[in-house]
Amino acid sequence: MNLAQHPVLSHRNSGVLLHLTSLPGAHGSGDLGANAYHFVDWLVSAKQRLWQILPLSPVGSAYSPYHSPSTFAGNPLLVDLDELVRHGWLSPRTHEEIDTNRCNFECVAPYRMERLQEAWRGFLQKVQKAEWMEFERFRAQQAHWLEGYALFMALEAHHGAPWTHWPAPMAQCDPGALAEAADHLADRLGFFSFIQWRFSVQWKRLRQYAHTHGISIVGDAPIFVAHHSADVWANTEQFHLDPQGEPTVVAGVPPDYFSATGQRWGNPLYRWDAMAKDGFDWWKARLAHLLEMVDVVRLDHFRGFDSYWEIPASEPTAVAGHWRPGPGQALFDELAAAQGPQTTTQHLPIIAEDLGDITPSVTALRQACGFPGMRVLQFAFGDNSTNPYLPHNFEAQTVAYTGTHDNDTALGWWQAASPSERQAARCYLGPQVDTEIHWAMMQALSQSKADTVVFPFQDVLGLDSKHRMNTPGVAQGCWQWRFDWGQVQDEPARRLAAMTSAHGRNRRMQV
């Protein structure tokens, strides 16, 4: 029985993992401008069918896309400034003093927000009637999340963060106080709504361009949300919070081989009982919104839907936590039903991130839902032939990676690997590992029976550890990697296209 019935996940295909901020460009970070379209063209030349990205949400602490003030909003730093210049709302600048080799967000974020403010003022001065009507139509259509998000951001700009330190009527969402604040902060609400309008227009245009060229977009959904977010502020009854709005328990993972104290992520935990009472409406709205933006959703930390590690908020580490039952199948049944009366969980375009310490009950939940799981080749070596990350042990309903955004690059992994790991990889992959470890790993995955394989762009280019995107548990220096088209040349696309064709992964999909 083929459970992966969604068209993007139900046959052999391959793609590339690259977040938008890593694209080249003149404004300090990649965005939705010309280089994003050029990357789609590059994917076509390499005969790829998938472009996997990280969350599109605004970034929060340490500029992580996994710590956002909203799960519904788009990242303002991704808005193409050149498009705003073409509209006449923003003046061009010929000499940008912004680092183009990496995303130095400490400089990039204030610079881009200043330019967006300038564009908002230019829009108000020069807007045509048709443009204004389009803007107002967007605000009305997206009001179910946009009004709350824009007000949250306006209040943050006025009062600072976190929201629990705002005046009590604002922190507690008193309707009268919020209405008064919205009137007082109308210009700021307009500004934050304007950003989301341009993000939406630009993203839809790029996604349509990708679809026209046979490329589907794989998005990403973190399981938990940030405490300082419009999601928690506006839905306090659905999270474990005290009367002041502070978390009573937080998310993380228990001590393991890698950390004697575990990981204390600090996100507030859902009150799954409260969410179940309204039929998981917040989750339904979240998934529906995501599927308006991407074709497939990678659901992060899937095991948390089966059971999650609950840590008392007063604890400084994850040691004193406890396992608690998650919502399980009931949540996904509700999400499927919300997509239509004939939809089952097997039709949902979801990839379950099931890496790490996975119990049989987590696997059973994933299989019952019909979601493909993930396999990372860097985890395969140094154990034995039954290691589930070795390609010969894959099942077809699998999405396989050389590495993810949390891993070192393939070359970096090889350079840091132990002698036993190197020997195991050499025996399994062949002598090519000593000269082109990245191509040896990509070849093994492409040949495997996994329906879907995804390669980080750093591995396609054969880059080392200096080009790693993220190191879990490290607060500084992550999410900054960018490439330059001069690094790419013609050879990687040619070789990737030949490999993809040889292994039957270049069939065009309907999206």
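Here the structure is shown first, and the text comes after it.
Remember, it's a predicted structure, so these values are computed and weren't measured experimentally. (Residues numbered from 1 in each chain as written. Predicted model: local features only at pLDDT ≥ 70, side-chain atom pairs only at ≥ 80, totals over all residues. Heavy atoms only, no water.)

Draft legend 1. Seen up close, the overall build of the chain. Within the chain one finds 18 helices and 12 strands. Radius of gyration (C-alpha) of the chain: 23 Å, near the 24 Å computed for a compact globule of 511 residues. C-alpha extents for the chain along the principal axes are approximately 70 × 55 × 45 Å. Burial statistics for the chain: of 511 residues in total, 57% are counted as buried. Sequence-distant contacts, at least 24 apart, represent 73% of the contacts inside the chain between residues at least 6 apart. For the chain, the computed accessible surface area is about 20900 Å², with 52% contributed by carbon and sulfur atoms. Here the chain contributes 39 positive and 53 negative side-chain charges, whose respective centroids are spaced 6 Å apart. (Helix = DSSP H or I, 4+ residues; strand = E, 2+ residues; numbered from the N terminus. Rg over C-alpha atoms; globule rule 2.2 N^0.38 Å. Buried < 20%, exposed > 50% of the residue type's maximum accessible area, 1.4 Å probe, protein only. Contact = heavy atoms within 4.5 Å. Areas by Shrake-Rupley, 256 points an atom, 1.4 Å probe, with all protein chains shown as cover. Lys, Arg positive; Asp, Glu negative; His and termini not counted. Charge placed at Lys NZ, Arg CZ, Asp CG, Glu CD.)

Draft legend 2. Local environment of the nonpolar core. Trp42, Trp51, Trp203 and Phe457 are the most contacted members of the largest nonpolar core, which has 157 residues in total. Broken down by element, this core gets its largest block of residues, 11 residues, from helix α8 (residues 186-212). Excluding residues within four positions of it along the chain, Trp51 makes contact with Val16, Leu18, Leu20, Ala36, Phe39, Val40, Leu43, Leu206, Ile215, Ser216, Ile217 and Val218. (Core = buried A, V, L, I, M, F, W, Y, C linked by side-chain atoms within 4.5 Å.)

Draft legend 3. A look at the pattern of salt bridges. Enumeration according to the criterion identifies 22 salt bridges in this entry. Measuring nitrogen to oxygen at the nearest pair gives 2.8 Å for the salt bridge that ties Arg495 to Glu436. Residue Arg495 is found in helix α18 (residues 491-502), and its partner Glu436 is found in helix α16 (residues 433-447); the two are separated by 59 residues along the sequence. A residue is classified by how much of its surface remains accessible, and Arg495, at 23% relative accessible area, is partly exposed. A relative accessible area of 24% places Glu436 in the partly exposed class. One connected set of salt bridges, linked through shared partners, spans Arg93, Glu114, Arg115 and Glu118. (Salt bridge = Lys/Arg side-chain N within 4 Å of Asp/Glu carboxyl O.)

Draft legend 4. Quick look at the sheet that holds strand β12 (residues 452-456). Reading across from one edge, β9-β6-β3-β2-β1-β12-β11-β10 is the order of the eight strands in this open sheet, with parallel pairing throughout. For this open sheet the edge positions go to β9 (350-352) and β10 (373-376), each flanked by a neighbour on one side alone. Each adjacent strand pair in this sheet contributes to an overall mean axis angle of 25°, direction not counted. Bridge count for strand β2 (residues 50-52) against strand β3 (residues 216-221) is three bridges, and the pairing is parallel. Residue pairing across strands places Leu50 opposite Ser216, the latter belonging to β3. Along the sheet face, α16 touches β11 (398-401) and β12 and points at about 165° away from the line of β12. (Pairing = 2+ DSSP bridges. Axes fitted to C-alpha atoms, helices over the stretch in contact; angles between N-to-C directions.)

Draft legend 5. Looking closely at the packing of aromatic side chains. The full count for this structure, using the stated rule, is 51 aromatic pairs. On the numbers, 6.1 Å between centres and 65° between planes, the contact of Trp120 with Phe135 is edge-to-face. Taken as a pair, Trp120 in helix α3 (residues 105-126) and Phe135 in helix α4 (residues 129-141) lie far apart in primary sequence, 15 residues in all. Across the pair, exposure class does not vary: Trp120 and Phe135 are buried alike. Seen from their ring centres, Phe123 and Trp132 are 5.9 Å apart, and the 20° between their planes marks the pair as stacked. A relative accessible area of 0% places Phe123 in the buried class. One aromatic cluster is present, built from ring pairs that chain together Phe224, Phe239, Trp265, Tyr270, Trp272, Phe280, Trp282, Trp283, Phe302, Phe305, Phe332 and Phe371. Taking NZ or CZ as reference, Arg375 lies 5.5 Å from the ring centre of Tyr389, over its face. Between Arg422 and the ring centre of Trp414, over which it is positioned, the NZ or CZ distance is 4.8 Å. (Phe/Tyr/Trp six-rings, centres within 6.5 Å; stacked < 30°, edge-to-face > 60°. Lys NZ or Arg CZ within 6 Å of the ring centre and 35° of its normal.)

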